[in-house]
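Architecture and fold: a report
Read off the chains here:
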Protein chains: 2
Amino acid sequence: MPKLLILSKQAEKYARHIESAGLPQLDGMTFQASEDCEIVFGEPSLIREALPHLPRLKWIQSMWAGVEPLLNPALRRDYLLTNVRGVFGGLMSEFVIGYLLVHERRIFQRLEAQKNRVWDESVTGTLNGKTIGLLGVGSIGAELAITAKFFGMTVHGYTRESESSKHVDKYFHGANLPDFASGLDYLVSVLPNTAETGQIVNADLLNALPSRAYFINIGRGQVVDEPALVEALRQNKIAGAVLDVFEEEPLPTEHPFWTTPNLLMTFHTSAPSFPEDIAKIFIENYLLYIEGKPLKYRVDFEKGY
Amino acid sequence: MPKLLILSKQAEKYARHIESAGLPQLDGMTFQASEDCEIVFGEPSLIREALPHLPRLKWIQSMWAGVEPLLNPALRRDYLLTNVRGVFGGLMSEFVIGYLLVHERRIFQRLEAQKNRVWDESVTGTLNGKTIGLLGVGSIGAELAITAKFFGMTVHGYTRESESSKHVDKYFHGANLPDFASGLDYLVSVLPNTAETGQIVNADLLNALPSRAYFINIGRGQVVDEPALVEALRQNKIAGAVLDVFEEEPLPTEHPFWTTPNLLMTFHTSAPSFPEDIAKIFIENYLLYIEGKPLKYRVDFEKGY
């Protein structure tokens, strides 16, 4: 009879979703860490603080896809860690396609024209036939690939070694990063923050992109060499960037990104967490847990995802 | 051995596409109407002027989907008229999804936040689960329905009688217009300008929409009662509108639309005509024509499409 600790700013909302599922064998829920909690369902940054106070901890279900706060090697790892997958791919696809269309269809320019009472019938571009490159092809990348194919795009993927998505037209690995970059109209990073991904988007990669290319980061800010990106945009080495994530969040007020030309910011909102969706994943995993079956979306502490 | 007249601001571009197709039995091309022209491939507004000077005319392939300039009952109808279908659906789907995402994902608000150095992490909406209503479900509407379903939307369709697209979840006809409107998050008109569609988007229809609803017009401007739309937006009876088409184009500088709140304009650019795509349709139909087979995309002068 496990007891559940919920750690979230929206803990009560989550509790209601879980309550209405009528989970078997659950020995109550609490919003405060206590000695008898065996399961934690929460936001990694809050869980991190609670870790020392959970002697009977067996399983943590993260409410986020990214679990960096729990990956510090100094922290305990004597429990099962699962994260959220599958729910963010659709939302992130909407986000990426939205900004690609803002660019192709000149949506900001039309707004300016309207303000100036100018009948601006300049011909716009289309996604059809453009090439998108995915830095990282996990569950989110695979969903993006499906969406890009739907709009008639060519999809390139850069991964460590896996080639699991059939919707990627061409894969690149290892030292092939400049090759991967050279043919792209759009570069989208969905990479998590791990030892291997740090500053992978650096001056070399940015220089390898065509000058027409746009960069979109919906993974983690640590993947980007931020001064190199500012430089690339200032010198028009690439056409633009949309950044949802940053090395430091919230972004400090004095950061150059706020005023870098052709740089748009979206403040870590690309994949809103709807408690209903996240609770569903917990409930599904809980039912596996009490039956002693393998849980879904297990995180490898070494790999970091 | 038919002779071809090409009438377009981009006539030379079209001529190159046709030339490189090496069409059999073609007795030359011209950019000026002359007595011996049997086939015309062009923009309806230019063709209209040429009509009296084409005694041997047998077939007109319009470069546009809309052929209103040729539908005036005072004009001759002693020829076969075909228009362009199939190529605009994808482009219009991009356009509609782009503006739906601008709204759902608060893309303009994020831009404002960035200008003000505000970390705006307010949660956005999603297309998933929203309901879109299509006024008109021809080839473009059907393509829109497929795209909306791809993003998890519910699709309602209003047509005279046809229920040809399987991707429409629920059809409405005839006097059912207010019913159709009442459940929508988005209303999209793809209606052509015909005797039956004039001002179908009037105060009654706008009042039947929920106040959260957005209206998008990518069909023809004559479908909208323009003063009623201004009124609905000024009184927040609907949340916003995106207009690509207008009763008078270019829109007169003094028209109230320029400054109506929550109204965006896109200056008849939702489906750019790429000569390559349009030429393909002509070539396909030409090959049918010289073999005496039925042409594709034939327009019914009475119906107007």
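An account of the accompanying structure is given in this report.

Things to note about the nonpolar core
Ranked by size, the top nonpolar core spans 175 residues in total, and within it V188 of chain A together with V188 of chain B carry the most contacts. Excluding anything up to four places from it in sequence, V188 of chain B contacts V96, I132, G133, L134, L135, L144, I216 and I218 of chain B.

Considerations on the relation of the copies chain A and chain B
Least-squares fitting of chain A to chain B yields an RMSD of 0.1 Å, with the superposition described by an axial translation of 0.0 Å and a rotation of 180°. Both copies of the chain, as the preceding transformation shows, are related through a two-fold rotation axis. For chain A, the minimum C-alpha distance to the rotation axis belongs to G98 of chain A and amounts to 2.7 Å. A shared binding surface is used by both copies, with 100% of the interface residues of chain A retained as interface residues in chain B.

Points about helix α9 (residues 275-290) of chain A
Residue and element names in this part refer to chain A. Given a rise of 1.5 Å per residue, 16 residues ought to cover 22 Å, and the 22 Å separating the end C-alpha atoms of α9 matches this to within 8%. Turning to α9, its buried residues are I278, A279, I281, F282, N285, Y286 and Y289. Each buried residue of α9 sits inside an arc of 155° when the element is viewed along its axis, so together they form one side. Elements in contact with the buried residues of α9: α1 (11-20), β3 (37-42), β4 (59-62) and β5 (80-82). The positive-phi residue at the C-terminal boundary of α9 is G292, with phi of around 70°.

Some details on the sheet that holds strand β5 (residues 80-82) of chain B
Residues and elements named next belong to chain B. Spatial strand order, β2-β1-β3-β4-β5: five strands in an open sheet with parallel pairing. The strands lining the two open edges of the sheet, one partner per strand, are β2 (29-30) and β5. Sheet analysis places strand β4 (residues 59-62) next to β5, joined by three bridges and oriented parallel. Each residue of the ladder has a partner; that of Q61, found in β5, is T82. Relative to the sheet, helix α1 (residues 11-21) contacts β1 (3-7), β2 and β3 (37-42), its axis offset from that of β1 by approximately 140°.

A look at the interface of chain A and chain B
Interface size, as often reported, equals the accessible area lost upon joining of the parts. At the junction of the two partners, chain A supplies 36 residues and chain B supplies 36 residues. A total of eight residues in the side of chain A that touches chain B trace back to one element, the largest contributor, which is helix α3 (residues 88-104) of chain A. Of the residues assigned to the side of chain A that touches chain B, the class counts are 19 nonpolar, eleven polar and six charged.

Details of the sheet that holds β3 of chain A
Residues and elements named next belong to chain A. Strand order in the open sheet made by the five strands is β2-β1-β3-β4-β5, with parallel pairing throughout. Both edges of this open sheet fall to β2 (29-30) and β5, since each of them pairs with a single strand only. Here α1 sits on the sheet in contact with β1 (3-7), β2 and β3, set at roughly 140° to β1.

Observations regarding the pairing of strand β7 (residues 154-158) of chain A
All names here are of chain A. The buried fraction of β7 amounts to four of the five residues, a majority that puts the element mostly inside the structure. Chirality of the crossover, the property in question, places the unit of strand β6 (residues 131-135), helix α5 (residues 139-150) and β7 among those that are right-handed. Of the strand pairs in this sheet, β7 and strand β8 (residues 170-172) are connected by three bridges, and their pairing is parallel. Within β8, the residue paired with Y158 across the bridge is F172.

Side note on the pairing of β3 of chain A
Residue and element names in this part refer to chain A. Along β3, five of the six residues are buried, which leaves the element largely enclosed by surrounding structure. Pairing geometry for β1 and β3, over five bridges, is parallel. Bridge pairing in β3 links L5 to V40. Taken together, the four bridges between β3 and β4 define a ladder with parallel strand orientation. The residue bridging G42 from the neighbouring strand is S62, located in β4. Remark: the β3/helix α2 (residues 44-50)/β4 crossover connection has right-handed handedness.

A closer look at unusual backbone geometry
Residues and elements named next belong to chain A. With an omega of -10°, the peptide bond between E249 and P250 qualifies as cis. With respect to the helices and strands, P250 occurs in the loop between β11 (240-243) and β12 (263-265). Positive phi, normally seen in glycine, also occurs at N262, with a value near 60°. One can find N262 in the loop between β11 and β12.

Rules used throughout
- Residues numbered from 1 in each chain as written.
- Chains lettered and ligands numbered in written order.
- Predicted model: local features only at pLDDT ≥ 70, side-chain atom pairs only at ≥ 80, totals over all residues.
- Core = buried A, V, L, I, M, F, W, Y, C linked by C-beta atoms within 7 Å.
- Buried ≥ 20, exposed ≤ 12 C-beta atoms within 10 Å, placed from the backbone.
- Contact = placed C-beta atoms within 7 Å.
- Least-squares fit on C-alpha atoms with pLDDT ≥ 70 in both.
- Helix = DSSP H or I, 4+ residues; strand = E, 2+ residues; numbered from the N terminus.
- Expected span 1.5 Å × (residues − 1).
- Arc of directions from axis to C-beta.
- Pairing = 2+ DSSP bridges.
- Axes fitted to C-alpha atoms, helices over the stretch in contact; angles between N-to-C directions.
- Nonpolar A, V, L, I, M, F, W, Y, C, P; charged D, E, K, R; others polar.
- Right-handed = clockwise from strand over helix to strand, strands pointing away.

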